[in-house]
Every structure is written in C-alpha cells, then in structure tokens.
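Chains, contacts and geometry: an overview
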Amino acid sequence: MSALSDAGAFESAVRLGREGVARFPKDQGLLNQATWPMLFLPALPDDALANADHILDGPWSSGRAHTSASVYAAGGRPDDARRLVKAYIEDHSGDLDASWSFVWGRIAEADGLP
C-alpha cells in the first residue's frame, strides 16, 4: 500500500488496504496504512471516519493518532483532531513533530481558512 501511495496510486492503495483489513480487521497498523491514502482521494470515503475511530483501539501510537487526526479534520470533526494533537503534544513534552503541520492544515481547512 505504501508503494502505491508513494506512486500516487491512491485508489489502488485504498482498494488493497480494504482487502487487507477485511482479512485482518483487528490489525490497527494495517488499518492505519489502509486509511491514510483515503485522505488523497477526491472525496473522503464513508469508511474513513469509522476507520479513524478504530485505528486508535489499543495502546497509544503517535503515527496512528496522526492518521486519525488528519481524517477527523478532513471529515468534519476538527475538535476530535485537536484533541489528538493535544494528546500528542502532552505525550511528547510539548514538542510537535513537523509532520503534524499536515494535521494543522486539515484543521484550518475544516475551520474554513484558506
């Protein structure tokens, strides 16, 4: 899936991800990888928000939180995205990795900023 996403083949990555998740529905890492390319489709698929909720099942993972926060912001749930950003900052003693700027951008878009 990552190679497909890296190549810009987002529809194929999503399709392959869905097949994997159907076989291994409790694998949060796989669900994370399957959900990330959904952010780059013309419209966020219906299953993206449900996936974002389930990605967070289990122990804390900043990578999975990043995906969920991005999906929440893109799917009209910016407050949930902000909650995850806050949890990440608290977990990392106030440091915010540069990759989280993508999440901030999605939150800004959800808030109607250009």
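Residues numbered from 1 in each chain as written. Predicted model: local features only at pLDDT ≥ 70, side-chain atom pairs only at ≥ 80, totals over all residues. Heavy atoms only, no water.

**Let's talk about the packing of helix H5 (residues 62-74) against helix H6 (residues 78-91)**
Here H5 crosses H6 at 155°, and the two axes come no closer than 7 Å. As judged from the angle between their axes, H5 and H6 are roughly antiparallel. Here H5 runs over H6; the crossing is left-handed. Seen from H5, the contacting residues are Ser62, Ala65, Ser68, Ala69, Tyr72 and Ala73; seen from H6, they are Pro78, Asp80, Ala81, Arg83, Leu84 and Tyr88. Split by residue class, the contact of H5 with H6 holds eight nonpolar, two polar and two charged. (Axes fitted to C-alpha atoms, helices over the stretch in contact; angles between N-to-C directions. Helix = DSSP H or I, 4+ residues; strand = E, 2+ residues; numbered from the N terminus. Parallel < 35°, antiparallel > 145°, perpendicular 65-115°, else oblique. Left-handed = near helix turned anticlockwise from the far one by under 90°. Contact = heavy atoms within 4.5 Å. Nonpolar A, V, L, I, M, F, W, Y, C, P; charged D, E, K, R; others polar.)

**Thoughts on the packing of H5 against helix H7 (residues 101-110)**
Contact geometry for H5 and H7: axes closest at 8 Å, N-to-C directions at 15°. Regarding the angle of H5 to H7, the classification is roughly parallel. Pair H5 / H7 crosses with left-handed handedness. Packed against H5, whose contacting residues are His66, Ala69, Ser70, Ala73 and Ala74, the element H7 presents Phe102, Val103, Arg106, Ile107 and Ala110 at the interface.

**Looking at H5**
Relative to the 18 Å expected for 13 residues at 1.5 Å per residue, H5 spans 18 Å between its end C-alpha atoms, a close match to the ideal helical length. Of all 13 residues making up H5, ten are buried, and the element is well covered by its neighbours. Within H5 the residues assigned to the buried category are Arg64, Ala65, His66, Thr67, Ser68, Ala69, Ser70, Val71, Tyr72 and Ala73. Contact partners of the buried residues in H5: helix H3 (28-35), helix H4 (47-55), H6 and H7. Once H5 ends, the next one or two residues include Gly76, with phi positive near 85°. (Expected span 1.5 Å × (residues − 1). Buried < 20%, exposed > 50% of the residue type's maximum accessible area, 1.4 Å probe, protein only.)

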